[in-house]
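Commentary on secondary and tertiary structure
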Amino acid sequence: MINLIMAIQILSFFFIFRSISRYHFTIKEITVWLVVFLMIGFISTYFIGVWGAITLFFCFVGISYFKNHRTFTALGVFYGAYALVMNSFIGYLAADPITSVVEFIFKQSTANIDYLPYLFTAIAPPVINEIGLRLVRHYVPQLNKEILQESSKVILFPVIVLFIIIIISVYPILTIGNETGDFNSFHRALLVGMWLLFIIALLYMQFQYTHIHKREIEKAKSEQLVQLKDYAAQLEKIYDEFRGFRHDYANILLTLEDGIYREDWEQVKQVYEQTVKPTGQLMRKNEYSFVKLRNLHVSEVKSILAAKIIMAQQMKIDVALEIEEPIHLIQMELISFTRILSVLLDNAIEAAAKTEKAKISIVLLEDPTIQRIKIENSSGEQVSLRRLGERGYSSKGKGRGLGLYNVQQMLKENNFASLETEAQSNLFSQTLILRKTGERK
């Protein structure tokens, strides 16, 4: 029974880690890691007691390393430290209440129930942690991992340091408690102080994240305001051109009418070549892609599309935009979506600009269950679709390739989004698919 309780305690660390990190594990991966954890946990516990949990921490950091494409991240270290501290924290808080409940329920029983409090206490941490996280995620907006990672020096490093202080302070006390079977008042006060420090660390993390998130939103709004001003200027330019065309329209018709009545086909041809044909070219100019934005009613996205179209125009790229149906809502967190959209558009513009016939096509489609944003560009480069999205991979040379890597990381955090990539002769396209709530990929 002791070995069973120890095995449950060891596995508790893993399930808490999996719950907080939200990494996707296959059945094979879960089986392998559980076996590894049990082996390492039993061996380390046998030799160094409760300090054996530290070896599991390094296992967690290793898992994060592989899950993040062989990259060490502050977020991965945080997950490991959280699993260690939370397991001990909940176990400590739950031990006495569970013991009292078990003794009350079985007070009339003659069976040996000494092991039951330890068994339930070992099971409690991952269960309570999962319930707590579900409640937090239901009532509090989910933290954006990209923002956490980008601001790790401000958000994560102080929290990790506090967690390490807690571990260094708590584990000697737990070791003494396991050896003597009791805690004196000083040890209990110190444990309570460490758990308060743990709560303070989490509150600090939430406070800093909220502050940085608000700052990101304000920055994005400022950029959107500038972009919308450019968009408004382009619309005004289009209006002026239409007004000029309307002014000349009657004269063009009168001239054509006169040539037709007199059967002066040379005059008709001349009017067509000098006025009608240029007007047709005018109507197909890039600027008129802006008119299609009238169906997009999400200002944040409209401003980005307007800014990128202007950028493409300045680089002499032919832009085609299609938004046939009104779009009032994007089925994704706007900060993540605008970052993904910016990366995809920047990549398309950069690739198209290097081609002889530079062109970009942007299509937004919506049906009852799915939104699609397809970005297609002319391309003269060979791209490895298999490696696309790997950290550091780019057809443009070394030191590049982080944009699509970051896109893939953001998409992994969204159960309703995916990215499809196609490469044909001189054409490259990426389609962002957003499934509406209930339509999981």
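Cut-off values and rules
Residues numbered from 1 in each chain as written. Predicted model: local features only at pLDDT ≥ 70, side-chain atom pairs only at ≥ 80, totals over all residues. Heavy atoms only, no water. Helix = DSSP H or I, 4+ residues; strand = E, 2+ residues; numbered from the N terminus. Buried < 20%, exposed > 50% of the residue type's maximum accessible area, 1.4 Å probe, protein only. Contact = heavy atoms within 4.5 Å. Pairing = 2+ DSSP bridges. Axes fitted to C-alpha atoms, helices over the stretch in contact; angles between N-to-C directions. Salt bridge = Lys/Arg side-chain N within 4 Å of Asp/Glu carboxyl O. Core = buried A, V, L, I, M, F, W, Y, C linked by side-chain atoms within 4.5 Å. UniProt positions renumbered as here; feature names shortened; annotations may be inferred. Parallel < 35°, antiparallel > 145°, perpendicular 65-115°, else oblique. Left-handed = near helix turned anticlockwise from the far one by under 90°.

Within an unreviewed UniProt entry, the label attached to the chain reads Sensor histidine kinase NatK-like C-terminal domain-containing protein, and the organism entered is Paenibacillus helianthi.

**Regarding the overall build of the chain**
Across its full length, the chain holds 12 helices and 5 strands. Residues counted as buried form 42% of the 441 residues belonging to the chain. Put simply, 71% of the contacts in the chain that link residues at least 6 apart link residues at least 24 apart.

**Side note on the side chain of T431**
Considering the arrangement of structural elements, one finds T431 in strand β5 (residues 427-435). For T431, a relative accessible area of 11% translates into the label buried. What T431 contacts, discounting residues up to four positions off in sequence, is R372, I373, K374, S418, L419 and E420.

**Points about the sheet that holds β5**
Strands sit in the order β1-β2-β3-β5-β4 across an open sheet of 5 strands; the sheet is mixed. Strands with a single pairing partner mark the edges of an open sheet, and in this sheet they are β1 (318-323) and β4 (417-424). Going from strand to strand, the sheet's axes swing by 10 degrees on average, the running direction of each strand aside. Bridging between β1 and strand β2 (residues 359-366) involves 6 bridges; their strand directions are parallel. When the sheet's bridge partners are listed, L321 is paired in β2 with I362.

**Some thoughts on the pattern of salt bridges**
Between side chains of opposite charge, a pair can form when the charged atoms approach closely. For the structure on display, the rule yields 6 salt bridges. The partner of E216 in a salt bridge is R339, and the shortest N-O contact between them spans 2.7 Å. Linking E216 in helix α8 (residues 185-261) with R339 in helix α11 (residues 334-352), this pair joins segments that are 123 residues apart in sequence. Using a relative accessible area of 18% as the deciding quantity, one classes R339 as buried. Each of E150, E216 and R339 takes part in one network of salt bridges that share partners.

**Some thoughts on the nonpolar core**
Ranked by internal contacts, the top residues of the largest apolar core, which has 52 residues, are F78, Y82 and F163. Among the elements of the structure, α1 (2-21), α2 (27-48), α3 (53-67), α4 (74-105), α6 (145-150), α7 (156-180) and α8 are those that each provide at least two residues to this core. Core analysis: the second largest hydrophobic core is formed by 38 residues, I304, A352, I375 and M410 among them.

**Quick notes on the UniProt feature "transmembrane region" (unreviewed entry) in the chain**
Here the UniProt feature "transmembrane region" (unreviewed entry) sits at residues 32-60, 72-95, 115-133, 154-174 and 186-205. Overall, residues 115-133 shows 95% helix and 0% strand. The separation of its end C-alpha atoms is 28 Å.

**What about the packing of α1 against α4?**
Across the interface, α1 lies against α4 with an axial gap of 9 Å and an inter-helix angle of 130 degrees. Comparing the axis directions of α1 and α4 gives the class oblique. Considering how the two elements wind past one another, α1 and α4 form a crossing that is right-handed. In this structure, α1 uses Q9, S12, F13, I16, F17, I20 and S21 to contact α4, whose residues at the interface are F78, Y79, G80, Y82, A83, L84, M86 and N87.

**Concerning the pairing of β4**
Bridging between β4 and β5 involves 8 bridges; their strand directions are antiparallel. Bridging from a neighbouring strand, E420 pairs with T431 of β5.

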